[in-house]
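# Observations on the three-dimensional arrangement
Chain residues, written in single-letter form:
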Amino acid sequence: MVNGQFEVKFDQNVLSINKDNNVDSKGRPTVSPACSDNGTKPVVNFDNLSKEPSLPINFSDIDNGGIWLTNDDGPLAVVSVVFDVVGDGDTEVFLDTQVLTLNTKGQPVDPDTWFEANKNNANYEDVLAQFAANANMYFEVLPEGTPAPTEAPTTEAPTTVAPTTEAPTTEAPTTEAPTTEAPTTEPKPAEDNFVIAGSSNFVENGWSPDPDTNRMTFDTADGLYKVTVPDVAAEEGALYQVKTVTYNPQTGEINVYGDGVIPPVYNISYMTAVGAGQGNFLNGITWDPAAAENRMTEVKPGVYEITYEDVDTNTEYQFKFAANGGWDINWGLVKDTEAKLNEANPSQYNGENILFNVESEDDTCNVTLQLDITNWDTTKKTGATYTIFVNREEPTTVAPTTEAPTTEAPTTEAPTTTQPAPETLAVNVNTGVSEHVTDMPKVFALDGEAAKTVNVGDTFTLTWKLDSDAKAVESLQWIYNYDATKLELVKVEMPQITSGAEINDTVAGVVKANASNIYGYAVDADNAFINLTFKALASGTVDTTMTLDEFALVPVEEPTTEAPTTVEPTTVAPTTVEPTTVAPTTVEPTTVAPTTVAPTTVAPTTKKSTSDSATKDSSNSSNGTVKTGSASMAVIILLVLVSATAAIYFARRRDKE
């Protein structure tokens, strides 16, 4: 599946959707297991639930051959939503499929070979019917939640000791045989055992450590623990022979060796201070890594700062630093350390919460948080520092005054040194729009010259605009490719897309973005649509490509205009009506007898409840009926089942050799 756009609609009198039940521990949506299995993050507009009982879901994956709908264990759910049951009675859940793009099996993702069902296209009904023929919806009622088990106190059974009767003994002579004590050997201390865990495409057991799988052995020659992982799949589907992982228990350093292994890349677009906001600290925002109010300023490369004024003193605060609006890359406290004010502290990658308290007789103070990752080692995960400045005074620099000497300077001209010309990088930007995009304004282009030259070390921004206003953009997707050896991505912005957007810059050399809003985004042609900020790393020439791959407007029904009708005026001759005299009439009063209505008895009707399992529907969109009863939660899962007749509609399955 190349991409999909859905809306899950429900009756809010019976069901509700809680965001916390539909994201993982890191805040990533779990509404599409197929996306999660492929490493694609869907865009889910939970904010829409405050407006209506409808949850918009959008996802896409163009570059990686589409989203695989099966794995080794079988079909994967395309949509899976957890509901809270808030009322009684039978209810319906409706899945509205708005955009659906399926790719031909075994073919690269290409607009010429895929099948797209879009409400704006004429073939919407036909393509969607192919999808519905191989899709199934079912419900699962989750059991009532139970509290965590509490360990029961252990009561030892009383022991009864039988009375002993001692027989009279005759004491033997007191000659003791010499005893020889066996030498004692102290037991060896238990050795440390290390196993590796990781993503399922690297180690078979995934993130669940298994003491008998991928266990590391200690090499006395170099003091390292080692393990070899066979048959690691490459991105293109080939199998590398082995990967060797080493661990140094003294330094904590971890290394991976093997064909195709490259150092990890951590692309950071921006940094946010995140924590338990109180008063002015963190602007009162609690644990939101995407809060724009707490976005830090990069005062110099790798150093981020933010200042909060009038922060209450004598109060305990806690915080961390998170990159790119999520928790995948974050820094915190080194275990078993305490934060010291006004001095640099070591910071741990994915560490614990940083706690501090400003003890003062003053009621408030100014607090500046600083994170410095200029010396951070991506392999050892060490070298980062954080500083908590309290009432930091900005240093003032006074220019020195030097009194001119009274002795005339010698007339010998000082030699001049010619500064070498700075190294430059020529940046060529190619901009294109995919052929299947039909709703686009006439022009989507770079603002300025498509070729520019910058000095090595300089930071510059590329901006794209539309040629005309787009009042209601329902969904969009773009991809930007560049050479990461010559350009470093600094920041990605879509200033006019305020919600429902997902930016993926985890792979060096590629930036992807998509957004979805059923109400539509308003994009102004006079302002920036996309901003990409880069730092030039090396001299030479670099070619880059921006592709607008999806741009759909909210469908607008054209009003029908009827031609006006003209009615010829008619002239009516005046008529004279002679007055008439009517004799008065007398009406005799009538007496109406009261009527008595006999009560009627209506037999009670018994309403037949709907089936507990949903009925499969071959219509364009699917709905199902579920009897909620007294259950507290329900799950709706849409499975795409791949059959022999439907093989051409889905991306190929990845099988091991």
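To be clear, the structure that these remarks concern was listed above.
The shown structure was predicted, so the numbers you read here are calculated from the model rather than taken from an experiment. The residue numbering used here restarts from 1 in each chain and proceeds along that chain's sequence as written. Local features are withheld for residues below a pLDDT of 70 in this predicted model, meaning they are given only at 70 or higher, and side-chain atom pairs are given and counted only at 80 or more; totals for whole chains, interfaces and linings count all residues. Side-chain figures throughout are based on the complete set of non-hydrogen atoms in the structure, without hydrogens or water.

What follows concerns the sheet that holds strand E34 (residues 540-553). The strand order across the open sheet built from six strands is E27-E25-E34-E29-E32-E31, with neighbouring strands paired in mixed fashion. Here the strands that pair on one side only, and so sit at the sheet edges, are strand E27 (451-455) and strand E31 (501-504). Looking at each pair of strands side by side, their axes are set apart by 20 degrees on average, direction ignored. At least two DSSP bridges between two strands are required for those strands to pair. Going along the chain from the N terminus, every DSSP run of H or I of four or more residues is numbered as a helix, and every run of E of two or more is numbered as a strand. Lines fitted to the C-alpha atoms define the axes, with helices restricted to the stretch that makes contact. Angles between their N-to-C directions range from 0 to 180 degrees.

All right, on to the nonpolar core then. Remark: nonpolar core denotes a set of buried residues (Ala, Val, Leu, Ile, Met, Phe, Trp, Tyr, Cys) joined through side-chain atoms within 4.5 Å. Accessible area is worked out with a 1.4 Å probe on protein chains only. A residue is then buried under 20% of its type maximum, exposed over 50%, and partly exposed in between. Counting residues in each nonpolar core, the largest one holds 36 residues, and the members touching the most others are Trp464, Trp478 and Tyr480. Counting only elements with at least two residues in this core, the list comes to strand E25 (424-433), strand E26 (444-446), strand E28 (459-466), strand E29 (470-481), strand E30 (487-493), strand E32 (510-523), strand E33 (530-536) and E34. Contacts between residues were defined by any pair of non-hydrogen atoms, one from each residue, lying within 4.5 Å. Beyond its immediate chain neighbours, meaning those up to four positions away, Trp464 contacts Val429, Thr431, Phe444, Ala445, Leu446, Asp447, Tyr480, Ala528, Phe529, Ile530, Leu532 and Met546. Ile268, Met296, Ile329 and Ala339 belong to the second largest nonpolar core, which has 32 residues in total.

This part covers the sheet that holds E28. Neighbouring strands of a sheet are bound in pairs by backbone hydrogen bonds; such pairs are parallel or else antiparallel. In spatial order, the strands read E26-E28-E33-E30; together these four strands make up an open sheet with antiparallel pairing. Each edge of the open sheet carries a strand with a single partner, namely E26 and E30. Between one strand axis and the next, the sheet turns by 20 degrees as a mean value, whatever way the strands run. In terms of strand pairing, E26 meets E28 through three bridges, oriented antiparallel. When the bridges of E28 are listed, Ala445 appears paired with Lys465.

Further remarks concern the environment of Thr387. With respect to the element layout, Thr387 can be found in strand E24 (residues 385-390). For Thr387, a relative accessible area of 5% translates into the label buried. Measuring from C-alpha to C-alpha, the distance between Thr387 and Pro346 comes to 8.9 Å, with 41 residues separating the pair along the chain. Sequence-distant contacts of Thr387, defined by excluding residues within four places in its chain, comprise Asn342, Glu343, Ala344, Thr368, Leu369 and Gln370.

What follows deals with the pattern of salt bridges. Throughout this description, the term salt bridge denotes a Lys or Arg side-chain nitrogen within 4 Å of a carboxyl oxygen of Asp or Glu. Counted according to the given criterion, the structure contains seven salt bridges. Two residues, Asp96 and Lys9, come together in a salt bridge whose shortest N-O distance is 3.8 Å. On the criterion of sequence distance, the pair formed by Asp96 in strand E8 (residues 90-102) and Lys9 in strand E1 (residues 3-10) is long-range, its members being 87 residues apart. For Arg28, the salt bridge goes to Asp328, with nearest N and O atoms at 3.6 Å. Of this pair, Arg28 sits in the loop between strand E2 (15-16) and helix H1 (33-38) while Asp328 sits in the loop between strand E19 (316-323) and strand E20 (330-333), and the two are 300 residues apart along the sequence. Classification of Arg28 by relative accessible area gives partly exposed; the value is 33%. Overall, Asp328 belongs to the partly exposed group, its relative accessible area being 46%. Among the charged side chains, a salt-bridge network with shared partners connects Asp24, Arg28 and Asp328.

The next thing to look at is the environment of Ser499. Secondary-structure assignment places Ser499 in the loop between E30 and E31. Residue Ser499 is classed as partly exposed on the basis of its relative accessible area, which comes to 26%. Considered as a pair, Ser499 and Asn45 are 454 residues apart in the sequence and their alpha carbons are 7.8 Å apart.

A separate point is the packing of aromatic side chains. Two measures describe an aromatic ring pair: the distance that separates the ring centres and the angle between the ring planes. Ring pairs are drawn from Phe, Tyr and Trp, using the six-membered ring of Trp, whenever the two centres fall within 6.5 Å, and their geometry is named by plane angle: stacked under 30 degrees, edge-to-face over 60, tilted for the rest. Going through the model one piece at a time under the given rule, you end up with 24 aromatic pairs. Plain terms: the ring middles of Phe218 and Tyr225 are 5.0 Å apart, the flat faces sit at 55 degrees to each other, and that makes the pair tilted. Residue classification places Tyr225 among the buried positions, given a relative accessible area of 10%. Here the aromatic cluster, defined as three or more aromatic residues joined through ring pairs, consists of Phe281, Tyr308, Tyr317, Phe319, Phe321 and Phe356. We note Lys381 situated over the ring of Tyr349; from NZ or CZ to the ring centre the distance is 5.8 Å. A positively charged side chain is recorded as over a ring if its NZ (Lys) or CZ (Arg) lies within 6 Å of the ring centre. The angle to the ring normal must also be within 35 degrees. Here Arg392 stacks its cationic end above the ring of Phe389, 4.4 Å away from the centre of that ring.

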